Amino acid sequence: MILKGTYPVLCTPFKDDGVISDTDFDRLIDYVVACGADGCVYPGVASEVDTLSAEERATMIARLGERLAGRIPFVVGASAAAPEEVLEHIKTGAAAGASAAMVMAPGALGQDVAAQSAFFNEIAAASPIPIMLQNAPVPIGAGLSPESVSVIVRDIANVLYVKEETMPCGQNLSRISKACGDTILGVFGGAGGRYITDELARGSLGTMPAAEFTDLHVKLVNAWLDGQETEARRLFMVMMPALNFQAIFRMQMTKETLRQRGVLEHTFVRGKGPRMDQGDRNELAALLGQLTGELSKYPLTTLQAAE
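Quick summary incoming for the structure in this document. (Residues numbered from 1 in each chain as written. Predicted model: local features only at pLDDT ≥ 70, side-chain atom pairs only at ≥ 80, totals over all residues. Heavy atoms only, no water.)

1. Here we look at the packing of helix α4 (residues 113–126) against helix α5 (residues 146–154)
Move 1: For the pair α4 and α5, interaxial distance at closest approach is 9 Å and the crossing angle is 40°. Between α4 and α5, the angle falls in the class oblique. The chirality of how α4 crosses α5 is right-handed. Contacts from V113, Q116, S117 and F120 of α4 reach α5 at S148, V151 and I152.
Move 2: Here the residues of the contact of α4 with α5 sort into four nonpolar, three polar and no charged. (Axes fitted to C-alpha atoms, helices over the stretch in contact; angles between N-to-C directions. Helix = DSSP H or I, 4+ residues; strand = E, 2+ residues; numbered from the N terminus. Parallel < 35°, antiparallel > 145°, perpendicular 65-115°, else oblique. Left-handed = near helix turned anticlockwise from the far one by under 90°. Contact = heavy atoms within 4.5 Å. Nonpolar A, V, L, I, M, F, W, Y, C, P; charged D, E, K, R; others polar.)

2. Points about the nonpolar core
Move 1: In terms of nonpolar packing, the biggest core is built from 55 residues, with L10, L28, L64, F74, F120, I131 and V153 touching the most fellow members.
Move 2: A per-element tally of this core places helix α1 (residues 22–34) first, with five residues.
Move 3: With sequence-adjacent residues up to four places away left out, L10 is seen in contact with F25, L28, I29, V32, C40, V41, Y42, A46, S47 and L64.
Move 4: Formed by 25 residues, the second largest nonpolar core is a distinct cluster that contains F236, F249, M253 and L295. (Core = buried A, V, L, I, M, F, W, Y, C linked by side-chain atoms within 4.5 Å. Buried < 20%, exposed > 50% of the residue type's maximum accessible area, 1.4 Å probe, protein only.)

3. Considering the layout of surface pockets
Move 1: Here the largest pocket defines a volume of roughly 1100 Å³.
Move 2: Surrounding the largest pocket, 48 residues form its lining, G44, V45, A46, M104 and I140 being those nearest its centre.
Move 3: Sorting the residues of the lining of the largest pocket by element identifies β4 (100–104), α9 (229–249) and α10 (251–260) as the ones contributing at least two each.
Move 4: When residues in the lining of the largest pocket are grouped by element, the largest group, four residues, is from α9. (1 Å grid on protein atoms, 1.4 Å probe; cavity = no way out; pocket = protein on both sides within 12 Å on 5 of 7 lines; lining within 4 Å. Points joined across faces, edges and corners; volume = space filled by probe spheres on them.)

Here it is in structure tokens:
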């Protein structure tokens, strides 16, 4: 089975005291399934993975596999600084039923292609599931050039996918696809879904955005694949103001939107980054208000500028 379509990255819901909310996480999983997601990803940057302990990470991966119960495939986020840590995360994911493991090209190794190749070769050789190389921009990741990505993945049999998120995403996706040919199964887009139509036009396998608009991303990708480019671009334009807002406030916006859609009860964010003030909450309420007609399964029943 080739992974393709809409694979939202699940956030990690925390209660007001910072403890993980299992019930919110279960509702989030059920939400992405009900929205028609082709699969999901956990944990990733949008999951505040850098704030999770090893025990929390393993527990939530196991919970995800149990809750999904095979309804849709999932990709386990296995990024870590050392290959042995990555392999531990992969092992946990594989035991929970993951179809692949997403591993970020480490920022600490930078543009050293030989070191990056050695890193991925060690992981891929011992991994029981296929690897997806995530190429994230600096300072989160290494921000490798398309040519460097292709050099790394072409010669490692078990690296079958790339998630490309460096700018310009569309051009880089095309260059990776051309350079790698049939040595990989394909390239996913990410970057919050803000370049999705360009990526789809260039042959991406799909998208891995945050989860607040999973149903709209599903509709957009499916419309594109069905040859309905006009409708896909309309949905893109409808979402873009809110996605631009999400680019600033990240998990703050994602969790508040999911709360207002009745998915999450809690919106606590452990991670760093800007916090919304009342003016920002007012703006988010206005942006979401413009989307009410597009959302059916989880309508904005609690639409408000929360304090």
